[in-house]
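These are the residues of each chain, in order.
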Amino acid sequence: MGLLVRLVVLYWVLRLDLCENEPAWFQNISTSIFNSSGDFLLGGLFPINGLTSNLSQNENPSDVQCNSVNAIGLGLSLVMKYTVDEINSTPDLLPDIKLGFETFDTCSQSFIIVKPSMFFLSEGYSGQVRVMCNYTEYSTRVLAVIGPQKSEMVDVVGKLFGFFMMPQISYGATCNTFSDKQQYPSFLRTVPSNQWQAQAIVDLLKEFGWNWVAVLGSGDDYGKEGQLVVSMLAAQYSICVAYEAIIPVYDDPQPMISEILDNIKSAAVGVVVLFTAPSSARIFFSEVIKRNMVAVWVASSAWSLDNLVYELPNINRIGTVLGFTENTQMLTSLTSYARVLLTRLGKERGNGLRIESDKSGYSHLEDPCPDCWNLSQDNISIVTQPVVQRKAFSVYLAVYSAAHALHQVLGCNTTSCQKGADSKVYPWQLLEVLKNMSFEIKGQQFHFDSNGNPNIGYDVLTWIWTKGNVTFKDIGTYYNSLKINAALITWYTNSTKVPKSTCSSNCEPGQIRHVKGSYSCCYDCIDCSEGTFQNNTVDLQCTNCPDGQWSLPRSTNCTLATYYFLSWNSYQALGLVLLAILMLTCHGVTGLLFLYHHGSALVRAAGGPLSALTLIGSMGSCASIILFLGQPGDLTCRLQQPVHVVFSTVTLSTFLAITLQIVCVTEFPEEAPSYLEILRGVGSGMVVLACCGVQAGLCGWFIQASQTLSSYLNSINVNFLTSFLRCPMEPMLGPGLMVGFNCLLALVCFMSTFMVKKPPNQYNLARDITFSTLFYCVVWVVFIPIYTGLDDKSKSLAEMTAILFGNVGIGVAYFLPKCHLLLIKPDLNTEDYFRTYLEASPIPPEKDQDKQQ
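Residues numbered from 1 in each chain as written. Predicted model: local features only at pLDDT ≥ 70, side-chain atom pairs only at ≥ 80, totals over all residues. Heavy atoms only, no water.

Looking only at helices and strands, the chain features 23 helices and 26 strands. In terms of overall size, the chain is more extended than a compact globule, its C-alpha atoms giving a radius of gyration of 54 Å where 853 residues would be expected to give roughly 29 Å. Referenced to the eigenvectors of the C-alpha coordinate spread, the extents of the chain come out at roughly 165 × 65 × 60 Å. Counting only residues that meet the buried cut, the chain has 52% of its 853 residues in that class. Counting contacts in the chain only where the partners sit at least 6 residues apart, residues at least 24 apart contribute 72% of the total. (Helix = DSSP H or I, 4+ residues; strand = E, 2+ residues; numbered from the N terminus. Rg over C-alpha atoms; globule rule 2.2 N^0.38 Å. Buried < 20%, exposed > 50% of the residue type's maximum accessible area, 1.4 Å probe, protein only. Contact = heavy atoms within 4.5 Å.)

So, on to the pairing of strand 13 (residues 319–326). When you tally the buried positions in strand 13, you get eight out of eight residues, the bulk of the element. Both strand 12 (residues 295–299) and strand 13 contribute to a ladder of five bridges, which runs parallel. Each residue of the ladder has a partner; that of V296, found in strand 13, is T320. Sheet topology note: the strand 13/strand 16 (residues 458–466) ladder contains five bridges and is antiparallel. Within strand 16, the position partnered with L322 by the bridge is T462. (Pairing = 2+ DSSP bridges.)

This brings us to the pairing of strand 16. By the criterion of burial, strand 16 is predominantly enclosed, with eight of the nine residues buried. Inspection of the sheet shows strand 16 paired to strand 17 (residues 469–479) by nine bridges, in the antiparallel sense. In the sheet register, T466 faces strand 17, and the bridge partner there is N469. Hairpin connection between strand 16 and strand 17: a loop of two residues separates the two successive antiparallel strands, and K467 in this loop has a positive phi of roughly 55°.

Compared with an ideal rise of 1.5 Å per residue, which puts 15 residues at 21 Å, helix 16 (residues 609–623) spans 21 Å between its outermost C-alpha atoms and is within 8% of the ideal. Among the residues of helix 16, L610, S611, T614, L615, G617, S618, G620, S621 and C622 are the ones counted as buried. (Expected span 1.5 Å × (residues − 1).)

The geometry of two aromatic rings is summed up by the distance between their centres and the angle between their planes. Tallied over the entire structure, the rule returns 48 aromatic pairs. Each ring, one from Y222 and one from F275, has its centre 5.0 Å from the other, and the planes form 40°; the classification is tilted. Of this pair, Y222 sits in helix 6 (residues 221–236) while F275 sits in strand 11 (residues 271–275); the two residues are 53 residues apart in sequence, bridging distant segments of the chain. Take Y222 and F275: they sit in the same class, and that class is buried. Taking the centre distance of 5.2 Å and the plane angle of 80° together, the rings of F285 and W297 count as edge-to-face. A residue pair is termed long-range when its members are at least 10 positions apart, and F285 in helix 8 (residues 278–291) and W297 in strand 12 qualify at twelve residues. Like W297, F285 is buried. Among the aromatic side chains, those forming a connected cluster through ring pairs are F284, F285, W297, W303, Y310, W463, W465, F472 and Y492. Over the aromatic face of Y787 sits the side chain of K795, whose NZ or CZ is 5.2 Å from the ring centroid. The residue whose ring lies beneath K818 is Y814, and the NZ or CZ to ring-centre distance is 3.7 Å. (Phe/Tyr/Trp six-rings, centres within 6.5 Å; stacked < 30°, edge-to-face > 60°. Lys NZ or Arg CZ within 6 Å of the ring centre and 35° of its normal.)

Tallying each qualifying case throughout the model produces nine disulfides. There is a disulfide in this structure between C369 and C372, and the S-S distance comes to 2.0 Å. Sign of the S-S torsion, about 85° for the bond between C369 and C372, identifies this disulfide as right-handed. On the accessibility criterion, C369 (3% relative accessible area) is buried. Accessibility expressed as a relative area gives 5% for C372, which makes it buried. A disulfide bridge connects C545 with C558, and the sulfur atoms are separated by 1.8 Å. (Disulfide = S-S within 2.5 Å.)

Structural measurements only, silent on function.
Structural data, given as structure tokens:
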């Protein structure tokens with residue numbers, strides 16, 4: 001007994017608490033759901049009932065039957081009643097003015113909506129529409145129409161309302177066509193258009209990298225336009241629509257739905273955009289559930305919150321649903337208001353204040369919902385269901401827009417109006433104000449743009465499955481741009497990660513897409529080759545590198561070419577430098593030795609001062625290899641070839657001068673005494689100068705004809721990242737002539753001394769020249785074929801090697817025998833041992849005369 005008492009007390013405490021939180025005007029709520037008298041009326045068009053007759057069997061307009069209550073439409077019509085009652089209870093908006101309304105059922109059928117629309121346009125309370133030439137001062141029954149919800153219904157009556165300039169504020173029609181003020185001059189809406197929603201959907205696809213999708217629409221105006229706009233926008237953002245189709249509305253949709261699902265499966269699409277009416281979505285997902293198909297379903301605002309879809313059995317098996325709904329506010333007092341209203345309806349029915357009428361005899365124009373007499377507090381779900389809670393603000397905003405416009409037309413302030421309740425107000429006056437006004441509602445500034453569209457975006461939501469039931473979680477918003485928190489999404493697919501829906505996987509850096517077939521999202525990934533790079537991730541062709549730059553295969557950028565050169569610390573350079581130092585040392589020692597014995601027979605026979613030139617030329621040639629080392633420059637490259645060939649020419653021209661002396665002594669012994677002094681003096685100098693002059697001319701021509709290193713670098717066709725830098729050799733004719741001239745000198749010396757008779761018991765000076773010039777010729781003849789097959793670095797090394805080896809041959813074949821005699825056999829360094837070359841004495845004939853082999 002005590003427990004019962006405590007429960008009763010608790011009940012009354014809670015009841016009193018609820019009553020204290022309810023606004024005072026709730027006590028004056030009328031139970032007349034669909035109309036309320038007032039000084040100025042608003043008309044309402046809502047899908048309160050559903051079609052129950054077969055339109056194909058109609059014989060006259062009155063055969064259309066709508067006897068199935070549409071809970072969503074009924075709930076939204078109650079929102080209009082709630083809003084009007086709230087406005088009338090707020091004296092600062094329309095002071096001393098009562099706003100009334102009349103709500104009628106559209107049944108979502110053109111047969112039905114025309115009747116209340118014509119009724120709204122009737123003159124005053126006459127119920128008749130007058131035919132006039134000028135409707136400027138025509139007073140219609142209502143000042144503005146709230147609704148209808150569907151775009152197809154607006155298409156039926158929108159132009160009619162536009163003719164009378166009757167403000168028509170829709171809370172659900174989203175077709176972009178109605179933004180055309182030429183066709184629908186009086187149309188406004190409190191929901192964004194399909195264009196905005198399509199853009200939001202495409203931005204969502206971009207956000208998650210889905211570029212291989214299917215786009216479906218329902219066969220009504222809403223679905224057809226939405227599907228078309230999404231597909232067009234997707235193409236602009238490189239999103240491939242693998243499959244698109246329309247679900248029939250007026251024919252049996254099952255065969256088409258089966259075909260659609262077969263095509264989605266064959267296209268391997270993981271994301272499907274469904275821009276459809278709730279009824280089409282319900283039929284579609286019934287088949288999806290049967291087939292156990294799992295995907296990511298992107299829901300348009302029409303069905304994202306509709307119980308026709310989310311109450312389907314096993315709907316939790318379809319995968320992940322991401323949807324859009326208008327970015328609105330919750331009406332916190334709506335549920336309390338509806339509870340009070342429905343409670344009173346239940347009490348009136350219990351007191352027998354109303355008698356249920358015969359449904360068959362009712363006209364929907366007289367009573368939009370005969371079954372609503374049975375409503376009670378048990379039916380509170382008609383306003384608590386998510387779709388009504390979310391869309392209620394759109395109706396609320398539409399009614400308040402009309403009220404604020406009337407506020408301005410009547411010249412009202414917070415306490416009074418300049419025009420009274422009996423003033424004449426025409427619909428076109430209200431429309432003019434609606435187009436240009438801005439007002440604040442629940443902390444949000446609201447206005448219509450020039451096309452009658454609101455400054456409202458979307459909420460992005462996801463469906464959450466909890467033990468088979470669905471709840472809705474907001475995950476982001478859209479207003480001009482998408483803002484989304486992907487961490488809030490639970491993916492009901494094969495993986496908890498963001499699912500992929502692409503025809504081809506993303507290419508790696510440095511790869512371009514080679515499109516296959518007609519879809520830009522289906523492609524092979526092709527590596528960019530050398531000298532090209534991937535400039536942008538969406539490029540279909542590799543971009544050539546700019547001049548002076550190069551790239552490796554599969555590059556995303558080009559880099560300037562870099563050059564390396566023979567450094568002093570490389571092992572090849574060290575080896576050659578050591579050899580050059582060794583040769584310079586040997587030549588220096590030889591020079592000192594010759595200087596010490598400068599008056600001896602051997603030194604005089606070897607040419608005397610000419611020996612010094614020979615050593616200088618050979619040493620200069622050895623030292624010239626330093627021009628091949630280190631970073632080259634314009635001056636270095638100008639000197640590199642001329643220096644080593646000129647020094648070699650000095651050496652070989654001295655050989656030629658001595659060769660002429662030997663030939664004169666051995667071949668012309670009778671005339672030799674008279675010419676020998678000339679050949680040893682002025683003649684030798686003339687030979688050396690003549691040879692060096694010719695070589696200098698060749699070097700001058702080469703320097704003038706060849707490129708500088710700077711111009712060479714500017715003109716080079718870069719096809720490498722790193723390359724060995726050597727001095728330009730073009731034209732190759734120059735180095736060829738210069739080296740060729742030296743070889744010619746060596747060859748003349750060789751041919752002139754090869755068959756010379758050896759003086760008996762005397763030094764064979766011709767032999768030294770023969771072997772040294774032969775070695776020189778062999779080195780450079782062998783060098784030519786080897787040089788042509790080498791890379792640039794090896795060419796420089798080969799040329800340095802040839803220079804040094806040529807001088808090694810000269811040192812070994814020409815100077816070493818003389819040094820040997822001076823150091824080991826000094827007793828042979830006598831006038832008698834070199835008589836033939838010093839005195840030009842004839843060579844006596846001998847039977848066994850030695851000849852140079």
